[in-house]
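Tertiary structure, described
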Amino acid sequence: MKTAVDAVFMGKARRFNSRFQEMCSHYVIDPVACTPASGWEKGQVENQVGYARDNIFKPRLRFATLEELNGWLEAECERRARLDRHPEFREKTVWEVHEAERAALRAYAGPFDGFNASEVAATATCLINFDRNKYSVRAKAARKAVQIRAYADRIVVRFEGEVVAEHARSFGRDRTVYDPWHYLPVLARKPGALRNGAPFIDWALPPALTKLRRRLGSGDEADRRFVRVLSMVLSEGLEAVEDAVREALDDGTASDDVIINILARRREPPPPDEITASSALTLAHAPVADCARYDLLRGRHAAA
């Protein structure tokens, strides 16, 4: 089993791969290998698999998501544990024996971060190839070596310790999975790609940005102005840009300049707190704004 073993030696000696050893350490498991061509050593395991296949997964079940499957499977295992008799303590159910042993069990350490790691080079078009499919990454990783962490349901791409992409895992073939936000720096340089670029086809933008794009209209100038607003997401964040767009639209304005001005105004530091002066510093006589007093001073100076 290549997912666990790197090399097979004589007898039961094995060299387990590092990820499998990390998982065993996480769950405090001491792996024991079977002798090659000795199927009777693992008969109990195969019997359990056969039992689960015949009694739980027949007739064949269908689920919309892996989470739905796991939720049903957990409930089904608990239901059977409450009903089935323990193979050694026939007077008790499996669940009753489990409850009696629970206090002596080691505390659950949480789920193991189980993934299969590999390294690939991202293309100039910000794509990586994995398992016969292509996935987009952020523009900063283009033409760079990245690490892919493949989970059962998703893939996570990291570059220099930073996550540059996360996608639901596709199990088809020859598919290209885009995240349009990965191409935002490229779009800032080439606004015309907004209409014709493959990543931006059927782009599901937030409602406020969708409304702004519709209000700005179509054409090269409209695309340029809309991309100018989108580019602010790189520095301000999507939520801040959405709020600024919503404020401008509520005021009846669909202008990139106004939206950028709103964002700049929100970046301004708050006004300083008022300084409360001590009552001892209060003036006994309020100053009088009388510029003629300067003429008196000038006259005295001339006389001197």
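Below you will find a few notes about this structure. (Residues numbered from 1 in each chain as written. Predicted model: local features only at pLDDT ≥ 70, side-chain atom pairs only at ≥ 80, totals over all residues. Heavy atoms only, no water.)

1. Quick look at the overall build of the protein
In terms of helices and strands, the protein carries 12 helices and 9 strands. For 304 residues, the compact-globule formula gives about 19 Å, and the C-alpha radius of gyration of the protein, at 34 Å, lies well above that figure. Summarising its shape, the C-alpha atoms of the protein cover approximately 125 × 60 × 40 Å along the three principal directions. A buried classification covers 27% of the 304 residues belonging to the protein. Surface accessibility of the protein: about 21700 Å² in total, with carbon and sulfur atoms responsible for 53%. (Helix = DSSP H or I, 4+ residues; strand = E, 2+ residues; numbered from the N terminus. Rg over C-alpha atoms; globule rule 2.2 N^0.38 Å. Buried < 20%, exposed > 50% of the residue type's maximum accessible area, 1.4 Å probe, protein only. Areas by Shrake-Rupley, 256 points an atom, 1.4 Å probe, with all protein chains shown as cover.)

2. Things to note about the sheet that holds strand β6 (residues 145-150)
Here we have 4 strands laid out as an open sheet, ordered β3-β6-β7-β8, and antiparallel in their pairing. Among the strands making up the open sheet, the edge pair consists of β3 (116-121) and β8 (162-168). Here the average twist between neighbouring strands, direction ignored, is 25 degrees. Summarising the sheet, strand β7 (residues 154-159) and β8 pair through 6 bridges and their orientation is antiparallel. Residue pairing for β8: isoleucine 155 is matched across the bridge by histidine 167. (Pairing = 2+ DSSP bridges. Axes fitted to C-alpha atoms, helices over the stretch in contact; angles between N-to-C directions.)

3. Topic: the pairing of strand β1 (residues 5-8)
The pairing of β1 with strand β2 (residues 14-16) spans 3 bridges and is antiparallel. Counted as the bridge partner of alanine 7 is arginine 15 from β2.

4. Things to note about the sheet that holds strand β4 (residues 127-130)
Strand order in the open sheet formed by 3 strands is β4-β5-β9, with mixed pairing between adjacent strands. Each edge of the open sheet carries a strand with a single partner, namely β4 and β9 (176-177).

5. Structural notes on the pairing of β3
Within β3, only 0 of the 6 residues are buried, which leaves the element largely exposed. Here β3 runs beside β6; their pairing, made up of 6 bridges, is antiparallel. Bridge pairing in β6 places alanine 121 opposite alanine 145.

Nothing here speaks to function; it is all geometry.
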